[in-house]
Amino acid sequence: MTPPDLVRLTTSRRDFVKLLGASVALAGLGACVREPDRKILPYVDTPPDVVPGVPLHYATVMTLDGYATGLLVESHTGRPTKVEGNPDHPASLGAAGVYEQASVLQLYDPHRARAVRAGRRRATWSAAASAFAPAALARRVGARGAGLRLLLPPTSSPLVASLLERVLVRWPDARVAFYAPLASDGAVAGTRTALGAPLVPQYDFRAADVVVSLDADFLSSGPFHLRWASHHGVRRRATPPCRLYVAEPVPTPTGTLADHRLPIAPAGIASLAATLLHAVAADPRVTGRVGAVPLPAPSGTLPADARAWASAAAADLAASPGRSIVLAGERQPAEVHAVVHALNAMLANAGATVWYTPPALVDAGSHAIGLDALATELDGRTVDTLVVLEGNPCYGAPADLDLPRRMRAVPNSLYLGAYADETARVTTWHVPAAHYLESWGDARAYDGTTSLVQPLIAPLHDGRTPAEVLAVLAGAGERSAHDLLFDAWRERHGAPPEAEAAWSDALRRGIVAGSALPRATPPPRWDAVARAQRGIADRAGPSRDTTEIVFLPSRGVYDGRFADNAWLQELPDPITKLTWDNAATMAPAHAARLGIVTGDVVALRLGPRTLDVPALLVPGQADGVVSLAIGYGRRGAEAVARGVGANANLLRASDAPHAATGLVIARTGRRHALALTQTHWSIEGRGPSVLGEPPASRPAASERAGAPEPQRKRRPLTLYEPGPPPKDGFGEDQWAMVIDLDACTGCSACVVACQAENNVPVVGKEGVLDSREMHWLRIDRYVDGPLDAPRFETQPMLCQHCEKAPCEYVCPVGATVHSDDGLNEMIYNRCVGTRFCSNNCPYKVRRFNWFDYNAEVAETVRMAKNPQVTVRGRGVMEKCTFCVQRVRQAQRTAWLAGEPRTGPVVTACQQTCPTHAIVFGSLTDPESEVRRLFDDPRGFSALGELGTVPRVRYLARARSAPAPSADSPGAGAAGGGGGDDDDV
């Protein structure tokens, strides 16, 4: 072996200087791949030493607005590269959403804060800890902490709760505020009204024959949406399937899957809920079971289509006692939630498909104040010291609070944040926050299940956690998050070895067994429900001439915390297909009355505040409603986020943070280019079978049970030569994929999964405007019917891996070829970029690498690349490979183990799909699910009449039949039931 001092430098001087400069700029890049200095445990048993090329998987959790989602993170020699769902965790059940998967890119963001700052000076964590230790604080805030205020985002961490309690014992006059831009207390306030206790509802969609959603996008947003999407997907495939009613002002992925969707203004949701409750209470099947319930008559201001929708939903609900669910969205007021809880009790759902648990989020009790009260105190100069633990409130707070000005006047303030953002600019101290993949901690899921947060990598920039800051305030000193967590663990689980055994089990599984919060089903208080009903009836609805605005989370950047994430900025919105921007969406009819078209810049005026935003016309949006996504218009140090979109928070007011009336729209005469992908590579109109049979000719979902046995259709005539026969052994595998359009919500989790797994680059807004986005998998959106109330269709479109592939016959260098097991493969070293294959592809799923996008990324971002997949250079074609690296790895594993056939292979898109709409496997395996679904009566091949014989088949949407009438025999017959286990 050559001694280290004899190793010669083979890198050129130019490259060496470049690398040297990068290493200095990154403050010690060599430390980036250090594993944490504490013991972490992989999800499965592994060899004692890390083997290069063999990834490990560790269980951890990511929190969003305080609630935890269980994850499995793939690590290559100490580098986290891929995030997937933990099948043992109740919030994920093996799936992962777009935010969870893209969070790995956030870890390596080169724009993260790198050092502690005191004003404009660089400082140390020890200096910050000394400045906010009890000895120093007491001189400023008094012995009881009268001048101390804490501002946190919602949290469910038991560790943070215990440390916060210690802080408040040490400083009894201190006050605590919790705030998140999208958080709402409507659900808890509704249970307090209707049930007499602060509770949160839990649902079992596996046991529901009918689901009625009142402005609740429960399949693609919220703390338990992955679980609920999984369970609802199970019921969609049952016989008969679940019937879904959705009333919403703006189209959502949940609404696109609805059998009966009603576009309605936000202010009309309350009247709709009251009408639904009155109709259910008056149904003889309900009164015969629960008796007469004294309720006031609902307001008669609903339009005819809304009354018809409520009547049909009420009849369907009454026919399904104990087998239905009614739920309301988080931004709905307490009265609507109270009505929903009364409906579930009246329909015998409580205790069956619906139950309640205590809230998992931490409450500061008598020490808690609201954000508006905190702002008032800041103005009164009664606050000397303000500690802000993450959340960026100076950006996300409503504009009328003017929080940046008020916080700037605080003499002493500390902000724990990942970026030098809007809040960091106005505080006297800024401490970098640790990413969850480099942190120790704990958190609860929506149902209360506790999980441990374990790091996969040492902190890249010496970041700290909220627990470490609270420990300083409590007088515990500069203790590590690991030591704080383990001490708290031993307090709850006793002395070793019991505590250590439980600790190891929790780290391996990703959950603490038996930690879910207890269930409860308290009876409703009908007098309180009646008061809520009267309150809805007394509330005057908006006139038809009044325009309402709805503030929504961005499907990409959420509330702005992911604004510097290029994957999410370039991810097309599931409905609008907008990237790198936000826009004022409105109904086509509404826009026509105002003379507005897509791309016109309009001035939105709400009270004294005005914001210029481009307009975007969206079919299916309620007339007279404008929606605007928050999370854009950033002005911090995040380079990717700067200059992208408009800050919707500048229009929001603290008394109406989610929706408001009285919006005035004016044309400015200017235009703005919107990077929309809806028409890029569109195959609409290319043939009659893009989406299978037309919607009107498809069988209703209720007719599936009587469907005839599938008959193998004769393949179309073709001039192509027959392929070679399969070889013996593993050559017998013939890989294929089936996508169930009746379960797909278009949530785009599969798009991000493919991007992370296959090192798909981003191209920026200019590239998207030139139709050069590189996504190997896209979600096509179609609308059918009138623009004011259309039916939506979503279709994931990827390389179809055609058996008679048109791309293969035109490639002059043989770069795209067909494998023996049915894959259409790309040999990048052969490709010379003629693009003949792309021109000949009828599905337009091949991407040309116009520029060397991977050469422009920072060194830290390169650490997120999957080492098992080639990083392509400029000038080659890219496309879906069915995750060929996973296929070949499974074949090698089976061959080494002497197995007769390849074990199950799970592609990245299949792995993450929450509704299990994607199924992959070998057609030659008679036991495989893909073999069964390939012959499903609903199956079709996109553009199958072309004779390309795709290996991707789709199952067509099957709308449920209209709601059964009250006297129809067998109305609401029981479907596939639920159960208490989480196995799917």
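In what follows, the accompanying structure is described. (Residues numbered from 1 in each chain as written. Predicted model: local features only at pLDDT ≥ 70, side-chain atom pairs only at ≥ 80, totals over all residues. Heavy atoms only, no water.)

In terms of helices and strands, the chain carries 28 helices and 37 strands. Residues classed as buried in the chain amount to 59% of the 984 residues present. Taking contacts inside the chain between residues at least 6 apart in sequence as the whole, the part at least 24 apart equals 76%. Approximately 38200 Å² of the chain is accessible, and the part contributed by carbon and sulfur atoms is 54%. (Helix = DSSP H or I, 4+ residues; strand = E, 2+ residues; numbered from the N terminus. Buried < 20%, exposed > 50% of the residue type's maximum accessible area, 1.4 Å probe, protein only. Contact = heavy atoms within 4.5 Å. Areas by Shrake-Rupley, 256 points an atom, 1.4 Å probe, with all protein chains shown as cover.)

With that out of the way, let us pick up the environment of isoleucine 575. In this fold, isoleucine 575 is placed in the loop between helix H20 (566-569) and strand S21 (578-579). Take isoleucine 575: its relative accessible area is 5%, and that puts it in the buried class. In this structure the C-alpha to C-alpha distance between isoleucine 575 and threonine 794, which are 219 residues apart in sequence, comes to 9.2 Å. Those residues in contact with isoleucine 575 that lie beyond four places of it in its chain are Pro251, Thr252, Pro253, Thr256, Val618 and Arg781.

In this section: empty space enclosed by the protein. Here the structure, examined in full by the defined rule, presents 8 cavities of 30 Å³ or more. Taken as a whole, the second largest cavity holds about 160 Å³ of empty space. Lining the second largest cavity are 15 residues; nearest its centre among them are Pro572, Thr677, His775, Arg778 and Ile779. Counting residues per element, the lining of the second largest cavity draws most heavily on strand S29 (residues 778-784), which supplies 3 residues. Looking at side-chain class alone, the lining of the second largest cavity contains 5 nonpolar, 5 polar and 5 charged residues. (1 Å grid on protein atoms, 1.4 Å probe; cavity = no way out; pocket = protein on both sides within 12 Å on 5 of 7 lines; lining within 4 Å. Points joined across faces, edges and corners; volume = space filled by probe spheres on them. Nonpolar A, V, L, I, M, F, W, Y, C, P; charged D, E, K, R; others polar.)

Glancing now at the sheet that holds strand S37 (residues 952-955). Backbone hydrogen bonds hold the strands of a sheet together, and the pairing may be parallel or antiparallel. The sheet built from 4 strands is open, its strands ordered S35-S28-S37-S36 with mixed pairing. Every interior strand has two partners, whereas the edge strands, strand S35 (918-922) and strand S36 (939-940), have only one. Across 4 bridges, strand S28 (residues 735-740) lies against S37 in parallel orientation. Each residue of the ladder has a partner; that of methionine 737, found in S37, is valine 952. (Pairing = 2+ DSSP bridges.)

This part covers the sheet that holds strand S11 (residues 260-263). Pairing is parallel in the open sheet, where 4 strands are placed in the order S11-S10-S9-S12. Each edge of the open sheet is held by one strand with a lone partner, namely S11 and strand S12 (324-328). Each strand of the sheet is rotated relative to its neighbour by a mean of 5°, with strand direction disregarded. With 4 bridges connecting them, strand S10 (residues 243-248) and S11 associate as parallel partners. Considered in S11, the bridge of tyrosine 245 is made with histidine 260. Helix H11 (residues 304-318) contacts strand S9 (210-214), S10, S11 and S12 of the sheet and is inclined by roughly 150° relative to S10. (Axes fitted to C-alpha atoms, helices over the stretch in contact; angles between N-to-C directions.)

For the structure shown, the criterion picks out 20 aromatic pairs. Joined through ring pairs, the aromatic side chains of Tyr67, Tyr203, Phe205, Phe218, Phe224, Trp228 and Tyr446 make up one cluster. A cation over a ring is seen here: arginine 835 above phenylalanine 848, with NZ or CZ 5.4 Å from the ring centre. (Phe/Tyr/Trp six-rings, centres within 6.5 Å; stacked < 30°, edge-to-face > 60°. Lys NZ or Arg CZ within 6 Å of the ring centre and 35° of its normal.)

Where helix H5 (residues 158-170) contacts helix H16 (residues 466-474), the axes come no closer than 8 Å and their chain directions differ by 20°. Compared by their axis directions, H5 and H16 come out roughly parallel. Crossing handedness for the pair H5 and H16: left-handed. Listed contacts from H16 to Leu159, Val160, Leu163, Leu164, Arg166, Val167 and Arg170 of H5 are Ala467, Leu470, Ala471, Leu473 and Ala474. Tallied by class, the residues present in the contact of H5 with H16 amount to 10 nonpolar, no polar and 2 charged. (Parallel < 35°, antiparallel > 145°, perpendicular 65-115°, else oblique. Left-handed = near helix turned anticlockwise from the far one by under 90°.)

Under the criterion given, the structure shown has 46 salt bridges. We note a salt bridge from arginine 112 to glutamate 438, for which the minimum N-O separation is 2.5 Å. Here arginine 112, found in the loop between helix H2 (98-107) and strand S4 (117-118), pairs with glutamate 438, found in the loop between strand S17 (429-432) and strand S18 (441-444); they are 326 residues apart in sequence, far enough to count as distant. Overall, the relative accessible area of 5% leaves arginine 112 in the buried class. A salt bridge links aspartate 935 to arginine 931; its shortest N-O distance comes to 3.2 Å. It is possible to trace a salt-bridge network through shared partners that takes in Lys82, Glu84, Glu757 and Arg886. (Salt bridge = Lys/Arg side-chain N within 4 Å of Asp/Glu carboxyl O.)

Bringing H11 into the picture now. Because each turn of an α-helix spans 3.6 residues, side chains separated by three or four positions end up pointing in the same direction. For H11, which comprises 15 residues, the first-to-last C-alpha distance of 21 Å matches the rise-based estimate of 21 Å (1.5 Å per residue) to within 8%. For H11, the full list of buried residues reads Ala306, Trp309, Ala310, Ala313, Ala314, Ala315, Asp316, Leu317 and Ala318. For H11, the secondary structure elements touched by its buried residues are S9, S10, S11, helix H9 (266-282), helix H10 (284-290) and S12. (Expected span 1.5 Å × (residues − 1).)

Right, let's get into the pairing of strand S20 (residues 547-553). Across the 7 residues of S20, 6 count as buried, placing the element largely inside the fold. For S20 and strand S26 (residues 659-671), the ladder comprises 4 bridges, and the chain directions are antiparallel. Bridged to valine 550 within S26 is alanine 659. Inspection of the sheet shows S20 paired to strand S25 (residues 625-630) by 6 bridges, in the parallel sense. When the sheet's bridge partners are listed, valine 550 is paired in S25 with serine 627.

Membership of the largest hydrophobic core comes to 117 residues, with the highest contact counts inside it found for Ile549, Leu604, Met737, Leu798 and Tyr954. If near-sequence neighbours (up to four positions away) are discounted, isoleucine 549 is found in contact with Leu604, Leu606, Val626, Leu628, Leu651, His658, Ala659, Ala660 and Leu663. Residues Ala194, Val211, Met346 and Ala530 belong to the second largest nonpolar core, which totals 70 residues. (Core = buried A, V, L, I, M, F, W, Y, C linked by side-chain atoms within 4.5 Å.)

A cis geometry characterises the amide bond from threonine 239 onward to proline 240, with omega recorded as -5°. For proline 240, the position within the fold is in the loop between helix H7 (225-236) and S10. At histidine 801, a residue that is not glycine, the phi angle is positive and equals roughly 50°. Along the chain, histidine 801 turns up in the loop between strand S30 (791-797) and strand S31 (816-818). Here histidine 801 falls in the buried class, since its relative accessible area comes to 1%.

Bringing the side chain of threonine 357 into the picture now. Along the chain, threonine 357 falls in strand S13 (residues 354-357). Taking the relative accessible area as the measure of exposure, threonine 357 reaches 2% and is therefore buried. There is a polar contact of 3.0 Å between the side chain of threonine 357 and the side chain of glutamine 202. Ignoring any residue separated from it by four or fewer positions in sequence, one finds threonine 357 in contact with Leu199, Val200, Gln202, Tyr446, Leu517, Pro518 and Arg519. (Polar contact = N/O pair within 3.5 Å; in protein donor to acceptor, adjacent residues only side chain to side chain.)

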